[in-house]
Amino acid sequence: MTTSSSGAVGVGIIGAGNISDQYLTHLSSFPDVRVIAIGDLLEDRAKAQAEKYGVPHAGGIELVLNDPDVDIIVNLTIPAVHVEVSLAIIAAGKHVWTEKPIGIDREESQRLLTAADAAGLRVGVAPDTVLGPGVQTAKRAIARGDIGRPLFASTSFQWQGPEIFHPNPAFLYAKGGGPLLDMGPYYVSALVHVFGPVASVAALGLQGSPTRKVQVGELAGQEFPVEIPSTLSVLTEFERGGQAQSLYSTDSPLKRHGIVEVNGTEGTIVIPDPNYFGGSITITRPLTDVSVREQEIIQVPQEGVLTGRGLGLLDMARSIRDGRPHIATGEFGYHVLDTLLSIEEAAATHSFVTVESTLGEVGSLPADFDPLAATL
Ligand SMILES: NC(=O)C1=CN([C@@H]2O[C@H](COP(=O)(O)OP(=O)(O)OC[C@H]3O[C@@H](n4cnc5c(N)ncnc54)[C@H](OP(=O)(O)O)[C@@H]3O)[C@@H](O)[C@H]2O)C=CC1
Ligand SMILES: O=C1CO[C@H](CO)[C@@H](O)[C@@H]1O
């Protein structure tokens, strides 16, 4: 349970891998949180990150779980152990912020939500990129009616795959990974912010190659198995109306990703890449004078302070202190996972699959939310 009631909220991190640099960079710049401890199975890895970012305590995982000044623990482990590590965090009496996806199956993810509820602790789930000024400004514009009634979205994520930058990419092609489970959380979360919960999905999938090779780092040249479909074409229907067509592929030499376009009765809005916190937002309106074929592209000014990973945890930390709900809840993360697993099932069975979970209103971050202000 939380220990402090004023001042910065104490944060611990479990997992000192690739993405920990981004979290440490941004969390260190938010005055309302303080990273107190970092742990990893490889203690030296945690110690190196602690030294780089001035974190006072570093060592193994238990060190973070047992730190009395830590209120929230960030779970930056691989997806296959997300729930195991998150359950240990709850058992230690701390709130969890976990990287995506919340877990790799429904049953274990529900177990986490039940345990957190029983303990009166919170679960927050990445991605928090969709809380950034990019997606949130676009969401506000759509809610204002700037494109009329939203009808359908197109999203696209295609490239040759994360092994070109990640030194240990096997988990990104294992169960719980792939373009769908690894990158789908960004696109599905953005769509759910705009359209609300998903009702049903249909999909086709394929696997470009049964094995892949590490391209960079010490393991370069090592072959690893591909356990998931590496290309999926998806149709999505939303509960409150609206549809989407989405492509997820790591089988394409042509890099074209970060595409999220929402078409409405009065315009099309282009939303920035949901893997990032901000970017260009534009609206294109129907031609009124059909003799002029040049379409005007209207730039929508991005509102809010641009930061990075850790923003959702900050919203959760402030919400805990204020006694209000945070935005990136465990239930939201569960609905996203449920949707992604339903897509996998739809591809495997060549059918439409009903998404069983649902959500109430999805909260928005106010335009004046300032991560860099000290408010606690
Ligand atoms: N890399 C990226 O660009 C991004 C990654 N993410 C997400 O962040 C998470 C971590 O990814 P990333 O940092 O890239 O991965 P890394 O492989 O770099 O790091 C994974 C971490 O998980 C730890 N780990 C592995 N197995 C276990 C276990 N059984 N128990 C406890 N810890 C374990 C590793 O420990 P050890 O040091 O001992 O190997 C390491 O600290 C994933 O959920 C990913 O989806 C999110 C956004 C971007
Ligand atoms: O979440 C993520 C963000 O983007 C990367 C690719 O560019 C992914 O591989 C990673 O897991």
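Residues numbered from 1 in each chain as written. Chains lettered and ligands numbered in written order. Predicted model: local features only at pLDDT ≥ 70, side-chain atom pairs only at ≥ 80, totals over all residues. Heavy atoms only, no water.

Per an unreviewed UniProt entry, the recorded name for the protein is 1,5-anhydro-D-fructose reductase, and the organism is Microbacterium trichothecenolyticum.

Participant: Can you lay out empty space enclosed by the protein for me, pointing to particular residues and giving the numbers?
Facilitator: Inspection of every chain in the model, using the stated rule, returns 4 cavities of 30 Å³ or more. By volume, the largest cavity is sized at about 90 Å³. Lining the largest cavity we find 14 residues, and of these L131, P133, G304, L365 and P366 sit closest to its centre. Ranked by residue count, the leading element in the lining of the largest cavity is helix α6 (residues 133-144), at 3 residues. Grouping the amino acids of the lining of the largest cavity by side-chain chemistry returns 9 nonpolar, 3 polar and 2 charged. In this structure, the second largest cavity encloses a volume near 60 Å³. Lining the second largest cavity are 13 residues, with V125, A126, P127, G333 and V336 positioned closest to its centre. Broken down by secondary-structure element, the contributors of at least two residues to the lining of the second largest cavity are α7 (178-195) and α9 (330-349). Among the residues forming the lining of the second largest cavity, the class breakdown is 10 nonpolar, 2 polar and 1 charged. (1 Å grid on protein atoms, 1.4 Å probe; cavity = no way out; pocket = protein on both sides within 12 Å on 5 of 7 lines; lining within 4 Å. Points joined across faces, edges and corners; volume = space filled by probe spheres on them. Helix = DSSP H or I, 4+ residues; strand = E, 2+ residues; numbered from the N terminus. Nonpolar A, V, L, I, M, F, W, Y, C, P; charged D, E, K, R; others polar.)

Participant: A description of the packing of helix α4 (residues 82-91) against helix α5 (residues 106-119) should follow, citing residues and the corresponding values.
Facilitator: Think of two packed helices as two axes; the pair is described by the angle between the axes and how far apart they sit. Running from N to C, α4 and α5 point in directions that differ by 10°, and their axes come no closer than 10 Å. Taken together, the axes of α4 and α5 are roughly parallel relative to one another. Here V83, S86, L87 and I90 of α4 come into contact with α5, specifically with E108, S109, R111, L112, A115, A116 and A119. Across the contact of α4 with α5, the residue classes break down as 7 nonpolar, 2 polar and 2 charged. (Axes fitted to C-alpha atoms, helices over the stretch in contact; angles between N-to-C directions. Parallel < 35°, antiparallel > 145°, perpendicular 65-115°, else oblique. Contact = heavy atoms within 4.5 Å.)

Participant: Hey, could you go over helix α2 (residues 43-53) for me, with residue numbers and the actual values?
Facilitator: If you check which residues of α2 are buried, you get A46, Q49 and A50. Buried residues of α2, viewed axially, fall in a sector of 105°; they line one side. Exposed positions of α2 whose direction lies more than 90 degrees from the buried face are D44, E51 and K52. Close packing links the buried residues of α2 with α1 (20-27), β2 (33-39) and β3 (57-59). Residue G54 follows α2 closely and has a positive phi angle near 65°. (Buried < 20%, exposed > 50% of the residue type's maximum accessible area, 1.4 Å probe, protein only. Arc of directions from axis to C-beta.)

Participant: Pulling in residues and values, what's your account of the pairing of strand β5 (residues 95-98)?
Facilitator: In regular strands, side chains alternate between the two faces of the sheet. The alternating pattern of β5 places H95 and W97 on one face and V96 and T98 on the opposite face, and all of these are buried. When strand β4 (residues 72-75) meets β5, the two strands line up parallel, connected through 4 bridges. Across the sheet, the residue bridging to I72 is H95, located in β5. Taken together, β4, α4 and β5 form a β-α-β motif whose crossover is right-handed. As paired strands, β5 and strand β6 (residues 123-125) are joined by 3 bridges and run parallel to one another. Bridging from a neighbouring strand, V96 pairs with V123 of β6. With respect to chirality, the unit in which β5 leads through α5 into the neighbouring parallel β6 is right-handed. (Pairing = 2+ DSSP bridges. Right-handed = clockwise from strand over helix to strand, strands pointing away.)

Participant: Help me get a handle on the layout of surface pockets, residues and values and all.
Facilitator: By volume, the second largest pocket is sized at about 350 Å³. Lining the second largest pocket we find 19 residues, and of these I142, H193, V194, F195 and G196 sit closest to its centre. Of all elements in the fold, only α6, β7 (150-158) and α7 reach the threshold of two or more residues within the lining of the second largest pocket. For the lining of the second largest pocket, the leading source of residues is α6, giving 5 residues. Of the residues assigned to the lining of the second largest pocket, the class counts are 8 nonpolar, 6 polar and 5 charged.

Participant: Before we move on, could you go through the site of ligand 2 and cite the residues and values that matter?
Facilitator: Near ligand 2 the following residues occur: K100, P162, F165, L172, D182, M183, Y186 and N275. D182 is positioned with one of its side-chain polar atoms (N or O) 2.6 Å from an oxygen atom of ligand 2. Residue Y186 places a side-chain N or O atom 2.6 Å away from an oxygen atom belonging to ligand 2. Protein chains bury 78% of the 290 Å² of accessible surface belonging to ligand 2 in isolation. Here the residues of the shell around ligand 2 are counted per class, giving 5 nonpolar, 1 polar and 2 charged. (Near = heavy atom within 4 Å. Polar contact = N/O pair within 3.5 Å; in protein donor to acceptor, adjacent residues only side chain to side chain. Areas by Shrake-Rupley, 256 points an atom, 1.4 Å probe, with all protein chains shown as cover.)

Participant: Tell me what's going on with the UniProt feature "domain: Gfo/Idh/MocA-like oxidoreductase N-terminal" (unreviewed entry) in the protein, and back it up with residues and numbers.
Facilitator: Those places that UniProt annotates as "domain: Gfo/Idh/MocA-like oxidoreductase N-terminal" (unreviewed entry) correspond, in this numbering, to residues 10-125. Taken as a whole, residues 10-125 contains 41% helix and 22% strand, while its terminal C-alpha atoms sit 18 Å from one another. (UniProt positions renumbered as here; feature names shortened; annotations may be inferred.)

Participant: Account for the packing of aromatic side chains, with residues named and values stated.
Facilitator: One pass over the structure, following the stated rule, counts 5 aromatic pairs. Plain terms: the ring middles of F157 and W159 are 6.4 Å apart, the flat faces sit at 65° to each other, and that makes the pair edge-to-face. Assessed through its relative accessible area of 12%, W159 is described here as buried. Seen from their ring centres, F195 and F238 are 4.6 Å apart, and the 15° between their planes marks the pair as stacked. Placement of F195 in helix α7 and of F238 in strand β11 (residues 231-238) is noted, with a sequence separation of 43 residues between them. Classification of F195 by relative accessible area gives buried; the value is 7%. F238 gets classed as buried once you look at its relative accessible area, which sits at 4%. One cation-aromatic arrangement involves R318 over F369; the distance from NZ or CZ to the ring centre is 4.6 Å. (Phe/Tyr/Trp six-rings, centres within 6.5 Å; stacked < 30°, edge-to-face > 60°. Lys NZ or Arg CZ within 6 Å of the ring centre and 35° of its normal.)

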